[in-house]
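Chains, contacts and geometry: an overview
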Amino acid sequence: MKVGTLVSSHKWGKGIVTEILTYKPRTPIRVYWLDPRKGQWWTNQPKVTTSVVWQNSVTIISEGE
């Protein structure tokens, strides 16, 4: 996986990888979510636009160059 990869998550929606934090087996990556699903209009929680997730918890839609 590279920076700029378009990914999808059942929990968060679609996002773009902005940073690969380590190059170890369960690699954590930082993702900028395009349309975050967390945070609803009836709660006071803000929508999260970036988060750190495990690489194996997202599906690659399009690989970056």
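My aim in this report is to walk through the structure given alongside it, one point at a time. Because the structure is predicted, anything quoted here is derived from the model rather than measured.

Moving on, we get to the pairing of strand 3 (residues 28-33). As judged from the five bridges shared by strand 2 (residues 13-20) and strand 3, these two strands associate in the antiparallel manner. By the bridge assignment, E19 is partnered in strand 3 with R30. Across five bridges, strand 3 lies against strand 4 (residues 50-54) in antiparallel orientation. Bridge pairing links R30 to V52 in strand 4.

Moving on, we come to the packing of aromatic side chains. All told, the structure shown has one aromatic pair when counted by the stated rule. An angle of 20° between the planes, with centres 6.1 Å apart, marks the rings of W12 and W33 as stacked. Here W33 lies in strand 3 and W12 lies in the loop between strand 1 (6-9) and strand 2, a separation of 21 residues in the sequence.

Along the chain, S9 falls in strand 1. At a separation of 3.3 Å, a polar atom in the side chain of S9 contacts the main-chain amide nitrogen of K11.

This part covers the pattern of salt bridges. Per the stated rule, a full pass over the model turns up one salt bridge. The salt bridge involving E19 is made with R30; its shortest N-O contact spans 3.0 Å. Here E19 is found in strand 2, whereas its partner R30 is found in strand 3, with 11 residues between them in sequence. We classify E19 as partly exposed; its relative accessible area is 34%. Assessed through its relative accessible area of 30%, R30 is described here as partly exposed.

Basis of the calculations
- Residues numbered from 1 in each chain as written.
- Predicted model: local features only at pLDDT ≥ 70, side-chain atom pairs only at ≥ 80, totals over all residues.
- Heavy atoms only, no water.
- Pairing = 2+ DSSP bridges.
- Helix = DSSP H or I, 4+ residues; strand = E, 2+ residues; numbered from the N terminus.
- Phe/Tyr/Trp six-rings, centres within 6.5 Å; stacked < 30°, edge-to-face > 60°.
- Polar contact = N/O pair within 3.5 Å; in protein donor to acceptor, adjacent residues only side chain to side chain.
- Salt bridge = Lys/Arg side-chain N within 4 Å of Asp/Glu carboxyl O.
- Buried < 20%, exposed > 50% of the residue type's maximum accessible area, 1.4 Å probe, protein only.

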